[in-house]
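Structural characterization, general
If you want the building blocks of each chain, they are given just below.
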Amino acid sequence: MEIKNFLFNEIGKYGANVALVEDGSQYVTYQELAQRADRMAEHIGRRCLVFLACRNVVESVVGYVGCLRNGIVPVMIGADIDAELLGDLLDNYHPAYIWTSSKSMAFTETEVYRDNRYSLYRTAYVQDYKLGEELALLLTTSGSTGSPKLVRQTRKNIAANTHSIVEYLDIMQTDRAITTLPMHYTYGLSILNTHLNVGARVILTEATLLDKRFWNLFRAEQATTFGGVPYTYEILKKLRFGRMDLPSLRYITQAGGKLVKEMAEEFNAICEEKGYQLIIMYGQTEATARMSYLPWKDAARKAGSIGIAIPGGRFSLIDVNGDEIEKPDVVGELVYRGENVTFGYAESRKDLDKPDENKGILHTGDMAKRDEDGFYYVVGRKKRFLKIFGNRVNLDEVENLLKQQGIENVCTGKDDHLIIFITDQGQEKQAVDFITNHTGISRGGFAVRYIASIPRSESGKILYSSLVVE
Amino acid sequence: MTNREKYNEAFKSVLGVEEGTLESLEYMGIAEWDSVGHMQLIAALEDTFDIMFETDDIIEFNSYAAGIDILKKYEVTL
């Protein structure tokens, strides 16, 4: 695919349209965004690696757009990242610059440029690695357990996925998306990409849905859409979303884990009554962002489904032998094909010039089935991981992190509820503190329980099935 | 237990905080009182006092002190 009108290269054409609004006080037009973005990029001046400390504020978007417009490769990290995890990432990737609002994050004194709250710091690393020609962007896969593993996304990946999403969601220039997710999270980033691509408006806020300021801003700026992970919908339910008066709202999206069927039905009914739409979607960072969506016209009769492949994509199911399953209602591993399938992972800077390892085919690790009408349903996972409030948490990784702290443990649980079984009751506080302080998993997302010993089979394999999860 | 003790207990058990820090607690002020912590705190208080918060009260409940005022509306005096 030839990349014409690559994202952000031509956003200047939207001129005086407002691109960004921040907390009702700052309005940034497309023209101004393009100028500020290029000014930041000029101070970098060459294709290199930049750590971008993401917040839902104007300068963070300026840095991101500046990088993507100018062939600079950003590593998207949360501004609230744990210092130790940041240290690991720095050691592994040796970025040339860091764009951040926090001086303490930069580990260097060399400020070379400033745009309001954000500064560009030059690091002292010697660049002993190459960036692949097509590499555009690097994203973490979980954000939670802090693995230095990054997903390598190309310009073609981002362009293909953005155009597809714009098409199936029918995103319009009059849309105003309000942020509910961080921009270093692929779902949050896709909302930013798609809206900037069509000249629409993004309302930036760091307030949560449980904060009055969020809803005041929502009404004042007349938001038309927002996205949410399953837990966002728990919050909306608690807030009695169906009783809220939100006349500007056009549609809401859901991704980042499976919304249980009952919740999907409940929200379908609310949206039907209020004249909104609920679009259920499915995706992974490895597929840039989105792979499927459930069209609103099918929402009621196909509740619980992840829908159909996005425009330009194709799903198939394979059995244990890798053969394609043709019959309906048979469970197999979900495989996706499309131009948004990323090149693969990087574990360190030495991997940044690796070629395309996926070749457009992604084995999702999710087990799914297809009904007679061609709609897909995710029924479980091949690998041991949970989604905690939208973030992927690898259970084996958490176990290993705790073991490194000298805590004997096994991890299990269900989505939004990780359970850590420890064998030494005296280590409970240590385990809680470690998970809270070093992994970013919210305190409410996990529980620590005591068991006398870890159940194992005769061959020594951990018997996860014998652990009581309620 | 007095109502104030019950109120304090909800914060301590949900957020894992010490008695001495209660007065200064604010939503998003500590890692434990994030969205998830807030949802759990609201649920714990609803159970404790057998009430059901209105939407506006859930989103205005942004500190330990603010919660005391909000509970008055539900005829819970702390």
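About the criteria used
Residues numbered from 1 in each chain as written. Chains lettered and ligands numbered in written order. Predicted model: local features only at pLDDT ≥ 70, side-chain atom pairs only at ≥ 80, totals over all residues. Heavy atoms only, no water. 1 Å grid on protein atoms, 1.4 Å probe; cavity = no way out; pocket = protein on both sides within 12 Å on 5 of 7 lines; lining within 4 Å. Points joined across faces, edges and corners; volume = space filled by probe spheres on them. Helix = DSSP H or I, 4+ residues; strand = E, 2+ residues; numbered from the N terminus. Nonpolar A, V, L, I, M, F, W, Y, C, P; charged D, E, K, R; others polar. Buried < 20%, exposed > 50% of the residue type's maximum accessible area, 1.4 Å probe, protein only. Right-handed = clockwise from strand over helix to strand, strands pointing away. Pairing = 2+ DSSP bridges. Axes fitted to C-alpha atoms, helices over the stretch in contact; angles between N-to-C directions. Contact = heavy atoms within 4.5 Å. Buried area = accessible area lost by both parts, 1.4 Å probe. Salt bridge = Lys/Arg side-chain N within 4 Å of Asp/Glu carboxyl O. pLDDT = per-residue confidence, 0-100. Core = buried A, V, L, I, M, F, W, Y, C linked by side-chain atoms within 4.5 Å. Parallel < 35°, antiparallel > 145°, perpendicular 65-115°, else oblique. Left-handed = near helix turned anticlockwise from the far one by under 90°.

**Re the layout of surface pockets**
All names here are of chain A.
- Of the volumes computed, that of the second largest pocket is approximately 580 Å³.
- Looking at the second largest pocket, it is lined by 32 residues, and the ones nearest its centre are G257, K258, L259, R381 and D415.
- Listed by contribution, the elements that provide at least two residues to the lining of the second largest pocket are α8 (230-238), α9 (261-274), β14 (277-283), β21 (376-381) and β22 (385-388).
- Its residues placed into classes, the lining of the second largest pocket shows 15 nonpolar, nine polar and eight charged.

**Things to note about the pairing of strand β11 (residues 201-204) of chain A**
- Side chains of β11(A) alternate between two faces, with A:R201 and A:I203 and A:V202 and A:L204 buried alike.
- Handedness of the β-α-β unit built from strand β10 (residues 176-178) of chain A, helix α6 (residues 186-197) of chain A and β11(A) comes out right-handed.

**Quick look at the sheet that holds β21(A)**
Residues and elements named next belong to chain A.
- Strands sit in the order β17-β18-β20-β21 across an open sheet of four strands; the sheet is antiparallel. Of all strands in the sheet, those bounded by a partner on one side alone are β17 (314-318) and β21. Neighbouring strand axes in the sheet, compared pairwise and without regard to direction, differ in orientation by 50° on average.
- As paired strands, β17 and strand β18 (residues 332-337) are joined by five bridges and run antiparallel to one another. From the neighbouring strand, I318 faces β18, where its bridge partner is E333.

**So, the sheet that holds strand β3 (residues 49-54) of chain A**
Residues and elements named next belong to chain A.
- Strand order in this open sheet of eight strands is β6-β7-β5-β3-β4-β8-β9-β19, and the pairing throughout is mixed. Of all the strands in the sheet, just β6 (111-115) and β19 (344-346) have a single pairing partner and so form its edges. When the angles between neighbouring strand axes are averaged without regard to direction, this sheet yields 25°.
- One ladder, built from three bridges, connects β3 with strand β5 (residues 97-100); its direction is parallel. Bridging from a neighbouring strand, F51 pairs with I98 of β5.
- Across the sheet, helix α2 (residues 58-69) lies against β3, β4 (73-78), β5, β6, β7 (118-122) and β8 (135-140), angled at about 155° from β3, the strand it touches most.

**Observations concerning the interface of chain B and chain A**
- Counting from both sides, the interface comprises 18 residues of chain B and, opposite them, 20 residues of chain A.
- When chain B packs against chain A, the two sides together hide about 1,700 Å² of surface, and 62% of this comes from carbon and sulfur.
- Ranking the residues of chain B by area buried against chain A places B:V36, B:M39 and B:I59 at the top, with a combined share of 36%.
- Counting every contact that joins chain B to chain A gives three salt bridges.
- Between B:E46 and A:K238 there is a salt bridge; the shortest N-O distance is 2.4 Å.

**Some points on the confidence of the model for chain B**
- Residues at a pLDDT of 70 or more form 100% of chain B, whose mean pLDDT is 95.
- Scoring of the predicted complex yields 0.89 for pTM and 0.93 for ipTM.

**Description of the pattern of salt bridges**
All names here are of chain A.
- One pass over the full model with this rule turns up 36 salt bridges over all chains.
- For R301, the salt bridge goes to D298, with nearest N and O atoms at 3.1 Å.
- Note on R301: relative accessible area 54%, which makes it exposed.
- A residue is classified by how much of its surface remains accessible, and D298, at 5% relative accessible area, is buried.
- Linking K354 and D351 is a salt bridge whose minimum nitrogen-to-oxygen distance equals 3.8 Å.
- Among the charged side chains, a salt-bridge network with shared partners connects K297, D298, R301, K302, D371 and D373.

**Thoughts on the nonpolar core**
- A:W215, A:F241, A:L418, B:F11, B:F53 and B:F61 are the most contacted members of the largest nonpolar core, which totals 117 residues.
- Sorting elements by how many residues they give to this core places helix α2 (residues 35-49) of chain B first, with seven residues.
- Those residues in contact with B:F61 that sit more than four places away from it in its chain are B:Y7, B:F11, B:W33, B:H38, B:L41, B:I42, B:L45, B:F53, B:G67 and B:I70.
- With 46 residues, the next largest nonpolar core counts A:L7, A:Y30, A:A37 and A:L196 among its residues.

**What about the packing of α8(A) against α9(A)?**
Residue and element names in this part refer to chain A.
- At a minimum axis distance of 11 Å, the contact between α8 and α9 shows a crossing angle of 55°. The orientation of α8 relative to α9 falls into the category oblique. For the pair α8 and α9, the crossing hand works out as left-handed. Within the contact between the two elements, α8 uses Y233, E234, L236 and K237 and α9 uses M263, E266 and F267.
- When the residues that make up the contact of α8 with α9 are grouped by side-chain class, the tally is four nonpolar, no polar and three charged.

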